[in-house]
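Below, each chain spelled out in residue letters.
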Amino acid sequence: MALPWTLHGDGKNVGALEVVGPAERLTWPRMIGLGAQHVVAMFGATFLVPILTGFPPSTTLLFSGFGTILFLLITKNRLPSYLGSSFAFIAPITVATTAEGMGSALFGIVIVGILLALVGLLVQVTGIGWINSLMPPVVAGAIVALIGFNLGPAAWNNFQVAPLTATITLGAVVLASVLFKGILGRMSILVGVVVGYIAAVLFGEVNFDAVGKAAWIGLPEFNSPSNPFTNPELWAVLPAFLPVVLVLVAENVGHIRGVAQMVDDQSINKLTGRGLFADGLATVIAGFGGGSATTTYGENIGVMAATRVYSTAAYWVAGIVAILLGLSPKVGAVINTIPAGVLGGVTTALYGLIGIIGVKIWLDNKVDFSKPKNQFTAATALIIGIANYTWQFGDVVFNGIALGTIAAIVIYHLMNVLGRVRGTD
């Protein structure tokens, strides 16, 4: 069977104003190099999620690569995207793991994946208008922002374990973002981890015993979700996970719109339902095997914007490389040696950046904060999320992310309806 890409020009030269589209490719040596860039771009964020949640890094890399290839197949090889670890799951996974163990967190991941896949099927049939109505920019921005800011205490807990290492790491992240140009500047998180890791080694904070014992090639550690029918207490963790569905929808929709705009092909937006379904299915599969949940990655959009190469061939390369890395226990063991100080430094910036992404949604969509409905929607949701309000109903506990999400949706739509009825909007 012939490969699905056509060669762009001579496959070697791309004009300054030319774009290599999703269905095109350059020569394979060049595509392999571009694919390697995408691996580097996703790697820093993708391996951090399992480190922060206690999941096996190699398993996450394996399912990340597998999910990316599955995504490309389901979207008919037309939507260039990499599925990396979703940061939206960090808080609910932490809550679930603390309460009921890793199996309960994997159960939550599987349920979220199923719901996202169902949303994708619904969008495929009905279109995306109802999502835009349910989550206008002020609501979507508030939900994303409160998830990032809710994680602040977790960053501080790691930071204070080794304050000097954490400060060096944080400083490296900040400086790398302004000192380096091109792709290296976009990888400031990864640069910060490397610098912080070197400092931690010099300070004697890294233990390499497990690295020496790990094999170069082998299957990663697999775990399965707990059974809620034999352990009914698992249902109590779901309220912490359900708001993440809305975040994944927002992330995927934004990613697809961004790609469509960059390649100047609005027909790509018609793949939104397929994209949501594919990400949901990839998340379900990862959850059943013990990997972190997935989402489309903005880091890789940055690579495409810098190179003007949007070929899905590069993502096939990246997916295959991620799978190969996942099959090396040695790689996972090295990642697992990253100490708390390094994590504290990098997450101080990273969690804050997640919150700022929510703020950026408001700015990009010109949300009018002179209107009370927008003021109270954002203000109430953020305070609930940052302070991590909780509410227990029987055995079910709603945390700050769940309550903040509910508050954002209910307050906005309630004030919107009453404002229109009373003529005060």
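Going along each chain's sequence as written, the residues are numbered from 1 onward. It should be noted that, the model being predicted, local features are given only for residues of pLDDT at least 70 and side-chain atom pairs only at 80 or more, the latter also being counted only at that level, while totals for whole chains, interfaces and linings use all residues. Heavy atoms from the whole structure form the basis of all side-chain values; hydrogens and water molecules are not counted.

The name that an unreviewed UniProt entry assigns to the protein chain is Nitrate reductase, with the source organism given as Mycetocola manganoxydans. In UniProt, the protein chain has this text filed under Subcellular location (unreviewed entry): "Membrane". UniProt positions are given in the numbering used here, feature names are shortened, and annotations may be inferred rather than shown by experiment.

A. Representation of the overall build of the protein chain. Where helices and strands are cited, they refer to DSSP runs of H or I of at least four residues and of E of at least two residues respectively, numbered from the N terminus. Each helix and strand counted, the protein chain has 19 helices and six strands in total. Its C-alpha radius of gyration of 21 Å places the protein chain within 12% of the 22 Å reference for a compact globule of 425 residues. Taking the principal axes of its C-alpha atoms as reference, the protein chain extends roughly 65 × 50 × 50 Å. The rule is simple: take the accessible area with a 1.4 Å probe, protein chains only, and divide by the maximum for that residue type; under 20% is buried, over 50% is exposed, in between is partly exposed. Considering the protein chain as a whole, with its 425 residues, one finds that 53% of them fall into the buried category. For the protein chain, the share of sequence-separated contacts (at least 6 apart) that also reach a separation of at least 24 residues comes to 79%. Entry remark: accessible area of the protein chain is about 18300 Å², with carbon and sulfur atoms responsible for 68%. We count Lys and Arg on the positive side and Asp and Glu on the negative side, and we leave His and both chain ends out. By convention, the point assigned to a charge is CZ for Arg, NZ for Lys, CD for Glu and CG for Asp. In the protein chain, the 19 positive side-chain charges and the 17 negative ones have mean positions that sit 10 Å from each other. Restricting the calculation to C-alpha atoms gives the radius of gyration, and the globule rule supplies 2.2 Å times the number of residues raised to the power 0.38. Working rule for contacts: check all heavy atoms of both residues, and any pair within 4.5 Å makes them a contact. Here the open area of atoms and residues is found with the Shrake-Rupley method and a 1.4 Å probe, where only the protein chains shown may cover a residue.

B. Seen up close, a nonpolar patch on the surface. Patch construction takes residues with relative accessible area above 30% that form no salt bridge. Like charges are linked within 9 Å, and nonpolar side chains (Val, Leu, Ile, Met, Phe, Trp, Tyr) are linked within 5 Å. The rule for a salt bridge is simple: a side-chain nitrogen of Lys or Arg has to be within 4 Å of a carboxyl oxygen of Asp or Glu. Where nonpolar side chains cluster on the molecular surface, the patch consists of Leu 164, Ile 168, Val 194, Val 195, Ile 198, Leu 202 and Phe 203 and spans about 630 Å² of accessible area. Going through the elements one at a time, helix 8 (163–179) and helix 10 (188–202) are the ones with two or more residues in the nonpolar patch. With four residues, the top contributor of residues to the nonpolar patch is helix 10. Position of Ile 198 relative to the elements: it lies in helix 10. Owing to a relative accessible area of 48%, Ile 198 belongs among the partly exposed residues under this scheme.

C. Fine view of the packing of helix 2 (residues 57–74) against helix 15 (residues 312–326). Axis separation between helix 2 and helix 15 bottoms out at 7 Å; the angle between their running directions is 155 degrees. As judged from the angle between their axes, helix 2 and helix 15 are roughly antiparallel. Crossing hand, helix 2 versus helix 15: left-handed. Taken together, the residues of helix 15 that come into contact with helix 2 (itself represented by Ser 58, Leu 61, Leu 62, Gly 65, Phe 66, Thr 68, Ile 69, Leu 72 and Leu 73) are Thr 312, Tyr 315, Trp 316, Gly 319, Ile 320, Ala 322, Ile 323, Leu 325 and Gly 326. Every axis corresponds to a line fitted to the C-alpha atoms, with the helix fit spanning only the stretch in contact, and the corresponding angles, defined between N-to-C directions, vary from 0 to 180 degrees. Orientation labels follow simple angle bins: below 35 degrees gives roughly parallel, above 145 gives roughly antiparallel, 65 to 115 gives roughly perpendicular, and whatever is left gives oblique. The sense of a crossing depends on the near helix, which, turned anticlockwise from the far helix by less than a right angle, makes the crossing left-handed and, turned clockwise, makes it right-handed.

D. Here's a closer look at the packing of aromatic side chains. Each aromatic pair joins two rings of Phe, Tyr and Trp (for Trp, the six-membered one) with centres within 6.5 Å, and gets the label stacked for planes under 30 degrees apart, edge-to-face for over 60, and tilted for any other angle. With the rule as written, the count across this model stands at eight aromatic pairs. Seen in terms of ring centroids, Trp 5 and Trp 28 are 5.7 Å apart; in terms of plane orientation they differ by 80 degrees. Their pairing is edge-to-face. Of this pair, Trp 5 sits in the segment before strand 1 (6–7) while Trp 28 sits in helix 1 (residues 28–53), and the two are 23 residues apart along the sequence. Plain terms: the ring middles of Phe 89 and Phe 241 are 6.4 Å apart, the flat faces sit at 50 degrees to each other, and that makes the pair tilted. Note that Phe 89 is positioned in the loop between strand 3 (83–85) and helix 3 (90–100) and Phe 241 in helix 12 (residues 238–262), a separation of 152 residues in sequence.

E. Geometry of the side chain of Asp 279. Summarising the element assignment, Asp 279 is placed in helix 13 (residues 272–289). For the buried Asp 279, which has no salt bridge, the nearest side chain bearing the opposite charge is Arg 274, at an N-O separation of 15 Å. Here Asn 252 takes part through its side chain, which lies 2.8 Å from a polar atom of the side chain of Asp 279. Asp 279 has contacts with Phe 71, Leu 83, Leu 116, Asn 252, Thr 294, Thr 295 and Thr 296, leaving out every residue within four places of it along the chain. The term polar contact refers here to a pair of N or O atoms within 3.5 Å; inside protein, the definition further demands a hydrogen-donor-capable atom paired with an acceptor-capable atom, and it admits residues adjacent in sequence only when both atoms are side-chain atoms.

F. Summary view of the side chain of Lys 373. The topology assignment puts Lys 373 in helix 18 (residues 372–387). Residue classification places Lys 373 among the buried positions, given a relative accessible area of 11%. Residues contacting Lys 373, with those up to four places away along its chain left out, are Tyr 412, Met 415, Asn 416 and Asp 425.

G. Here's a closer look at the environment of Lys 373. Considered as a pair, Lys 373 and Asn 416 are 43 residues apart in the sequence and their alpha carbons are 6.6 Å apart. Here the side chain of Lys 373 touches Asn 416 through a polar contact of 2.7 Å, side chain to side chain.

H. Quick look at the nonpolar core. We call a set of buried residues a nonpolar core when its members are Ala, Val, Leu, Ile, Met, Phe, Trp, Tyr or Cys and they connect through side-chain atoms within 4.5 Å of each other. Counting residues in each nonpolar core, the largest one holds 98 residues, and the members touching the most others are Phe 87, Phe 89, Phe 241 and Val 249. Broken down by element, this core gets its largest block of residues, 12 residues, from helix 12. Not counting the four nearest positions on each side in its chain, Phe 89 is found in contact with Ile 109, Val 112, Phe 241, Val 244, Leu 248 and Ala 293. Within the second largest apolar cluster, eight residues are counted, among which are Trp 5, Met 31, Val 309 and Ala 314.

I. Spatial organisation of helix 15. Under the convention used throughout, the expected extent of a helix is 1.5 Å for every residue step, that is, one less than its residue count. The end-to-end C-alpha separation of helix 15 is 21 Å, in line with the 21 Å expected for 15 residues at 1.5 Å each. Within helix 15 the residues assigned to the buried category are Thr 312, Ala 313, Ala 314, Tyr 315, Val 317, Ala 318, Gly 319, Ala 322 and Gly 326. The opening residue of helix 15, the one whose side-chain oxygen lies 3.1 Å from the backbone nitrogen of Ala 313, is Ser 311.

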